[in-house]
Amino acid sequence: MIDFYTAATPNGQKISIVLEEMSLPYKLINVDLRAEEQKTAEFLKMNPNGRIPVIVDHDNDDFVLFESGAILVYLAEKTGLFYGQNEKQRYEILQWVMFQMSGIGPMMGQANVFHRYFPEKIEVVINRYQNEVKRLFGVLNSRLTDNEYLVGDYSIADIANWAWVRTHEWSGVETDDLPHLSRWIELIAARPAAEKGINIPPRGNAEQIVKSGQAIIQK
Ligand SMILES: N[C@@H](CCC(=O)N[C@@H](CS)C(=O)NCC(=O)O)C(=O)O
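1. Quick look at the sheet that holds strand β1 (residues 2-6)
Sheet strands line up and pair through hydrogen bonds in the backbone, either parallel or antiparallel.
Then, in step 1: Spatially, four strands are ordered β2-β1-β3-β4 in an open sheet, and the strand pairing comes out mixed. Each having just a single partner strand, β2 (26-30) and β4 (63-66) make up the two edges of the open sheet. The mean angle between the axes of side-by-side strands here comes to 15°, regardless of whether they run parallel or antiparallel.
Then, in step 2: The pairing of β1 with β2 spans five bridges and is parallel. The residue bridging isoleucine 2 from the neighbouring strand is tyrosine 26, located in β2.
Then, in step 3: Docked against the sheet, helix α1 (residues 10-22) engages β1, β2 and β3 (54-57), running at close to 150° with respect to β1.
Then, in step 4: Contacts from helix α3 (residues 68-79) reach β1, β3 and β4, with the element oriented near 135° to β4.

What follows is the structure in structure tokens.
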């Protein structure tokens with residue numbers, strides 16, 4: 001059994017999706033970010049960075065792991081699922097997971113902060129992050145021109161990127177002029193486990209989401 005500490009955000013949903021796709025049994029532990037449950041001494045023992053997601057694998061000597069990209073790779077290696085057919089594909093999958101972890105996630109995160117939550121609307125900063133998100137979306141769109149998925153069949157590379165890219169409207173970035181990216185967003189949205197995963201844990205109402213964002217930027 002896996003204990004899964006999470007909240008209704010894209011980094012948490014990556015793991016909800018992959019656990020659902022893999023049909024792995026897990027116990028969901030909802031972490032209230034607004035209440036700063038991720039900063040308690042008990043939580044910091046699991047993740048000194050004080051963030052979700054975290055897993056504890058009780059079938060592997062209570063192994064504790066944080067950072068969503070590392071968790072995706074761990075679960076892919078544990079099950080042998082959604083991790084390519086050969087060594088080269090696995091490195092390419094890692095490449096696109098890292099593209100998400102170092103680019104899409106941080107840039108969309110900052111676009112959200114300055115476009116949605118920050119009390120002052122600083123146009124140059126908003127433009128900077130939204131333009132960078134758009135540029136990264138263009139890279140994905142090019143890759144998806146001749147590829148149905150990012151690498152071979154559906155993999156953790158798609159899961160990592162999709163969990164963020166699908167929320168593009170919240171970052172104020174359109175994808176209408178990126179047809180291959182739009183096709184891929186719909187392709188993955190049609191997967192029952194992906195649809196289920198983005199609702200685990202269920203989202204609060206809009207007011208709660210905004211408040212939770214404010215709690216995050218106040219640190
Ligand atoms: N690079 C980390 C980022 C994790 C992260 O930013 N988690 C956010 C939610 S998406 C969080 O826990 N925020 C609460 C906080 O910063 O206090 C990962 O991918 O796991």
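Back to the text.
2. Description of the domain arrangement of the protein
Then, in step 1: Domain boundaries in the protein define domain 1 (2-81) and domain 2 (87-196).
Then, in step 2: Taking only C-alpha atoms into account, the centre of domain 1 sits 21 Å from that of domain 2.
Then, in step 3: Tallying the contact residues gives 14 residues for domain 1 and 17 residues for domain 2.
Then, in step 4: Summing both sides of the interface, domain 1 and domain 2 together bury roughly 1,300 Å²; the carbon and sulfur share of this comes to 72%.

3. Some remarks on the packing of helix α4 (residues 87-117) against helix α5 (residues 123-143)
Then, in step 1: One way to put it is that α4 packs onto α5 with a least axis distance of 8 Å and a crossing angle of 150°. Between α4 and α5, the angle is such that the two are roughly antiparallel. Considering how the two elements wind past one another, α4 and α5 form a crossing that is left-handed. Together, Glu92, Trp96, Phe99, Gly103, Ile104, Met107, Met108, Gln110, Ala111, Phe114 and His115 of α4 and Val125, Ile126, Tyr129, Gln130, Glu132, Val133, Leu136, Phe137, Val139, Leu140 and Arg143 of α5 make up the contact between the two elements.

4. Regarding the pattern of salt bridges
Then, in step 1: The final tally for this structure, using the stated rule, is six salt bridges.
Then, in step 2: With a shortest N-O distance of 3.2 Å, glutamate 20 and lysine 196 are connected by a salt bridge. Highlighted residues: glutamate 20 in helix α1 and lysine 196 in helix α8 (residues 192-197), separated in sequence by 176 residues.
Then, in step 3: Judged by its relative accessible area of 18%, glutamate 20 is buried.
Then, in step 4: According to the relative accessible area criterion, lysine 196 is partly exposed, its value standing at 47%.
Then, in step 5: The shortest N-O distance in the salt bridge between glutamate 92 and arginine 143 comes to 3.9 Å. With glutamate 92 in helix α4 and arginine 143 in helix α5, this pair connects stretches of sequence that are 51 residues apart.
Then, in step 6: Glutamate 92 gets classed as partly exposed once you look at its relative accessible area, which sits at 33%.

Conventions adopted
- Residues numbered from 1 in each chain as written.
- Predicted model: local features only at pLDDT ≥ 70, side-chain atom pairs only at ≥ 80, totals over all residues.
- Heavy atoms only, no water.
- Pairing = 2+ DSSP bridges.
- Helix = DSSP H or I, 4+ residues; strand = E, 2+ residues; numbered from the N terminus.
- Axes fitted to C-alpha atoms, helices over the stretch in contact; angles between N-to-C directions.
- Contact = heavy atoms within 4.5 Å.
- Domains from an automatic or database assignment.
- Buried area = accessible area lost by both parts, 1.4 Å probe.
- Parallel < 35°, antiparallel > 145°, perpendicular 65-115°, else oblique.
- Left-handed = near helix turned anticlockwise from the far one by under 90°.
- Salt bridge = Lys/Arg side-chain N within 4 Å of Asp/Glu carboxyl O.
- Buried < 20%, exposed > 50% of the residue type's maximum accessible area, 1.4 Å probe, protein only.

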